[in-house]
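# Structural characterization, general
What follows is each chain in one-letter form.
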Amino acid sequence: MSSNDLEKKTAGEVAETATPDVDVGTAADVEAIMKKYDNESNTRVWEGLPKTIVRWVSVAFSLYSIYVTLFSTALPEVRLTMFLGMILILGYLHYPIKKGEQKPNYLPWYDILIMILGAAPFFYFAANAKSIIQMATTVTKNPVMIVIAILSILALMELCRRCVGIPILCVVGVLLVYTFVNVRFGKVIYDLFYTTTGVMNTPINVCAKYIVVFIIFGAFLERTGISAFFIDLANSLCGSSAGGPAKVAVISSALCGMVSGSSVGNTVTTGSVTIPMMKKCGYKPEFAGAVEAASSTGGQIMPPIMGAAAFLMAEYMGVPYGTVALKAILPAVLYFAGIYIAVHLEARKLNLKGIPKEDLPKMSKLLPKLYLLLPLIILVILVATNRYTMQFAATLAIFICIAVGFINKDDRLNLTKIIDALEAGGKGVITVAVACAMAGLVAGCITSTGLASTLIRVIVKISGGRAFIALFLTMLCCIILGMGVPTTANYCIMAATTAPILIDPRIGVPLVCAHFFVFYFGIVADITPPVALAAYAGSAIAKAPPMKTAFNATRIAIAAFIVPYILAMNPAMVFEFAEGLSGAAVAGQVVLIVVTSMLGIFGVAAALNGFLFRPINPLFRVVLAVGGLCMMIPGVLTDVIGLALVAVICVLQKLGAKKEAAA
């Protein structure tokens, strides 16, 4: 589901869900800060009849997309050009040329012109696909065919600027210039527009085939009331413990975020409830906003759904979906364990209490609502067993959502909500599809110029063949390219551009590890300054400084910056073991990895927090951090050293706390 849809649905509820005596951001505060930082939040204002027309256009697009993914046998060139033409129409109906345009029912003539000139060539291609394909490269001998191709590509790039952002567009622009300089003009146009190696490359094909259905599924799932159920469940489990509201934020955001596909949208959805609770409990505003942002971002790496990215990873890596979900478990557990430890230590440091048990939801009342999980359970089972296609499984899950929604008397689904979900699904696809189209252009330019091998040579030369330096450079690329890009499109971009660098034999990162590495660092762009959209959303609700919230989120989510390096150097973390190992040996390695990694995360989190039984002095914090990192680095020697360092500091802190208490 798009962050824009979630923000509009939930931002207005912030004031209502907040505790009266807690100062939290209003709907206007959230909207203002998101319009300032998040391109996807800057949409046109439609009212009256125009609003109804735009609404039904989105609904029709969603229904068409579901039909095509299930039943269409048309050529890819027909399916994808129709899809892109519709995306351009939807995109220009929703996104104005600049931020701050709020004039109701205003669609300037130049946007109408760009929309028509950009979409018409795609529809023309779809109507004449067979003859155009037969013409092959001779199609570019016709000046008109060259012009319409250029117009469509430019219209897509302009829409990308409006709804996704500048960073990826800069990359595309540089690559296009490089390609036109080094490759014959006509061949570039042919490759990028008239074949499936450019705009219609794998990313947009996957988007039109899989992602669109999962985005619509997420919109329906949200309207079953499952978010409220997840929050109530988290409250019942840990709301009464020390600093309980922050732990509720961690758990509920992990559960909600795995299906939302949007770090920002998840932050606003659950944050409107959890951030006021955290502030009332005693957490500082910037810490409360940071916890929600870090947790919501982590929801995108949470199996089994991973914001629909799990299904894409299966497609890109050529492995079963169940394998991807299994391999994602331990890294996700470590990520959320790090955040959970951080909020627990902060609660102890501030001597915070939990929510009184009498104010918490009763588990006895939540258990009868477990049927809300039925769409997720059936979706995972259908996809994991490989008996049905992913798009069929997602469509079936949508119908199960509708059935479940009708049963839920507390938040019953009705025809209006069904139409809302279809509208939200159509709108949510826009930014993902545009980003995927840009990823296709990137891949097309790299293929046409042979730039991939050049980039790999440069990375290998700079790194001197040392994997760690290559990983660091790739991390920087992922964070820059991932700024403001939705989860699913984010992964498409990373898989097409940065993963091949790590897979190269001279770097030597295994296929699965490389894809997880680039996926993680693409996602954490949402909490990494200076463009930390999820953190900015959290800061708006918490009424905290945006940049201060972003730095706190980065500190809290430190595991996201460590775990990818560890799994890249130790594939056993994603259950990649050497051939020939017995079952007992594999089980032993898994247990060892889990134990040492969890202790390592504990050491690093405590060092960054600066509290363990009592405040930690700077020297002990350094030793604790070194010990934690050692336990996360593969090897018996590093594990022993790390365990000894962490254990010594823990004992010294405990003894010191006892002395202070006695005094």
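What counts, and where the lines are drawn
- Residues numbered from 1 in each chain as written.
- Predicted model: local features only at pLDDT ≥ 70, side-chain atom pairs only at ≥ 80, totals over all residues.
- Heavy atoms only, no water.
- Helix = DSSP H or I, 4+ residues; strand = E, 2+ residues; numbered from the N terminus.
- Buried < 20%, exposed > 50% of the residue type's maximum accessible area, 1.4 Å probe, protein only.
- Lys, Arg positive; Asp, Glu negative; His and termini not counted.
- Salt bridge = Lys/Arg side-chain N within 4 Å of Asp/Glu carboxyl O.
- Polar contact = N/O pair within 3.5 Å; in protein donor to acceptor, adjacent residues only side chain to side chain.
- Contact = heavy atoms within 4.5 Å.
- Expected span 1.5 Å × (residues − 1).

## Some remarks on the side chain of Glu-292
Position of Glu-292 relative to the elements: it lies in helix 15 (residues 285-298). Lys-279 provides the closest opposite charge to the buried, salt-bridge-free Glu-292, at an N-O distance of 14 Å. At a separation of 2.6 Å, a polar atom in the side chain of Glu-292 contacts the side chain of Thr-274. Sequence-distant contacts of Glu-292, that is, excluding residues within four places in its chain, are made with Ala-249, Ser-253, Asn-266, Thr-267, Thr-270, Gly-271, Thr-274, Ile-275 and Met-278.

## Description of the environment of Val-442
Relative to the assigned elements, Val-442 resides in helix 22 (residues 415-449). We classify Val-442 as buried; its relative accessible area is 4%. Excluding its chain neighbours within four sequence positions, the residues that come into contact with Val-442 are Val-171, Val-172, Leu-175 and Thr-497.

## Section: helix 8 (residues 143-163)
Taking 1.5 Å as the rise per residue, helix 8 with 21 residues should run 30 Å; its terminal C-alpha atoms sit 31 Å apart, in good agreement. Following helix 8 by one or two positions, Gly-165 has its phi on the positive side, about 135°.

## A short note on unusual backbone geometry
Although it is not a glycine, Asn-105 sits at a positive phi angle of roughly 55°. Positionally, Asn-105 belongs in the loop between helix 5 (76-94) and helix 6 (109-127). Even without being glycine, Lys-543 reaches a positive phi, approximately 55°. One can find Lys-543 in the loop between helix 28 (533-542) and helix 29 (546-556). You can call Lys-543 partly exposed: its relative accessible area is 43%.

## Quick word on the environment of Gly-322
Locating Gly-322 in the fold gives a position in helix 17 (residues 321-327). Residue classification places Gly-322 among the partly exposed residues on the basis of a relative accessible area of 29%. Spatially, the C-alpha atoms of Gly-322 and Phe-311 are 9.3 Å apart, while their sequence positions differ by 11 residues.

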